[in-house]
Amino acid sequence: MKLAFFMMPMHNMNRDYHTTLMEDVESVVLAEKLGFEECWVGEHYTCEIEQISSPITFLAFIASKTKTIKLGTGVLPLPLYHPVMAASHVALLDHLTEGRLILGVGTGALGSDFEAFGMPDANRPEMMMDSLDIIQQIWAGSAPYEIKGKYWNVTLKDNVWPDLGVGSFGKPYQLPHPPLALSVSSPNSNSIRIAAQRGMMPISANFVASWVVKTHWDTYADELKKLGKKPDGNQWRVARSIFVADTDEAAEAYVKTPNGAYDWYYDYMFTVYQRLGAAKLLAPTPDTAEADITYEKVRDSFVICGSVETVTRKILELRDEVGPFGTLLMTAHDCKDKAVMHKSMELLATQVMPAVNAELESSRVKLSA
């Protein structure tokens, strides 16, 4: 199992913007040092706590401070981009990262973002797929272009001067394009069927229950079988909130600290889902009544916390429950307590994951014997 880093990012309200941005940068640099293989960064415009408005810009900056860690957009909300802009910016970033880019795409999550862009009623799933199709045609083709989509058209034929290089789009560093990924959160998500159909890596969000994550694998595997293909868990990434400390007691106390990094986060997410009328997605079990769901129950159910030994066991139990995911995405949380959070990252990378992989290898050997 590989280890990666998923950064929405999320910061407690009223913290200084510049300070938290620099904490994000420092966390990614540390993740590479500790052997994390990937870092994924989200995109939001109108939210104080999710403050990276351009993962393309952020990752271009990170690329100059790192050497090996792969850098993923987690995700690029394609409905907010003209395909020409997205294709050109992503190609540029792929070159700046020298092929370390993974292009994660999605529909976009924040209603406030789409309201600000004047698109409150946009059909986001349709727009996302229309944009992706056009982007791939741009990368695969050459002038003249006459691409007809449902929401965008790309025409470039009257101003094409090959002798001057005018009319040519930049191609990605990785050909035909960077690896593609798609985020999923709803139970039995149709998006994960699209991921299977188009050879995209599915990413299961950390802010849904494990029973929801299990439906992602079941749906993904089902779609691949329909296509005559064998499901490969190595393509699947699962994000979780994880906190490792010296003892179970210390870890639990930190996670439950009122208004602390984890307590605040799940209070926030629970409130958001309540206002969206979707609190049932946070139910610890499918049969939990919506009236019985509290943010504390969500926090305690969703966060994998404890000592090295306990977190190792819980990660293996999670994989047994939901399916054979190949990459675990540790979700970044507010890093005001920098020493504590960085120690958790270190323990996860240097002690937990080797123990997890040793157990997985031992199980594999036993099965093959």
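The rules behind each value
Residues numbered from 1 in each chain as written. Predicted model: local features only at pLDDT ≥ 70, side-chain atom pairs only at ≥ 80, totals over all residues. Heavy atoms only, no water. Buried < 20%, exposed > 50% of the residue type's maximum accessible area, 1.4 Å probe, protein only. Helix = DSSP H or I, 4+ residues; strand = E, 2+ residues; numbered from the N terminus. Pairing = 2+ DSSP bridges. Axes fitted to C-alpha atoms, helices over the stretch in contact; angles between N-to-C directions. Parallel < 35°, antiparallel > 145°, perpendicular 65-115°, else oblique. Left-handed = near helix turned anticlockwise from the far one by under 90°. Contact = heavy atoms within 4.5 Å. Nonpolar A, V, L, I, M, F, W, Y, C, P; charged D, E, K, R; others polar. 1 Å grid on protein atoms, 1.4 Å probe; cavity = no way out; pocket = protein on both sides within 12 Å on 5 of 7 lines; lining within 4 Å. Points joined across faces, edges and corners; volume = space filled by probe spheres on them.

Visitor: Hey, could you run me through the pairing of strand β6 (residues 145-148) in this one?
Guide: The side chains of a regular strand alternate between both faces of the sheet. Only one face of β6 is buried, namely the one carrying Tyr-145 and Ile-147, since none of Glu-146 and Lys-148 on the opposite face is buried. Alignment of β6 against strand β7 (residues 153-156), held across four bridges, turns out to be antiparallel. Considered in β7, the bridge of Tyr-145 is made with Leu-156. In this structure, the hairpin formed by β6 and β7 is closed by a connection of four residues.

Visitor: Sorry, what's going on with the packing of helix α9 (residues 261-275) against helix α10 (residues 295-302) here?
Guide: Each pair of packed helices can be described by the angle between their axes along with the distance between the axes. Here α9 crosses α10 at 120 degrees, and the two axes come no closer than 9 Å. Relative to α10, the element α9 lies oblique. Of the two elements, α9 crosses α10, and the hand of that crossing is right-handed. On α10, the residues that touch Tyr-262, Asp-263, Tyr-266, Asp-267 and Phe-270 of α9 are Tyr-295, Val-298, Arg-299 and Phe-302. Grouping the constituent residues of the contact of α9 with α10 by class yields six nonpolar, no polar and three charged.

Visitor: In this structure, what is going on with the layout of surface pockets? I would like to understand it.
Guide: If you roll a probe as big as a water molecule over the atoms, it shows you where there is empty space left. Roughly 1,300 Å³ of volume is contained in the largest pocket. In terms of lining, the largest pocket is formed by 44 residues, of which the most central are Gly-108, Ala-109, Leu-110, Ser-185 and Phe-207. Of all the secondary structure elements, the ones that give two or more residues to the lining of the largest pocket are α4 (111-116), α5 (124-140), β8 (180-184), α6 (190-198) and α9. The element that contributes the greatest number of residues to the lining of the largest pocket is α9, accounting for six residues. A class-by-class count of the residues in the lining of the largest pocket yields 24 nonpolar, 15 polar and five charged.

Visitor: Any chance you could explain the packing of helix α1 (residues 17-34) against helix α12 (residues 338-368) here in plain terms?
Guide: One way to put it is that α1 packs onto α12 with a least axis distance of 10 Å and a crossing angle of 25 degrees. As summarised for this structure, α1 and α12 are arranged roughly parallel, according to the angle between their axes. Both α1 and α12 take part in a crossing whose hand is right-handed. Of the residues in α12, those in contact with Glu-26, Ser-27, Leu-30, Ala-31 and Leu-34 of α1 are Lys-338, His-342, Met-345, Glu-346, Ala-349 and Thr-350. Across the contact of α1 with α12, the residue classes break down as five nonpolar, three polar and three charged.

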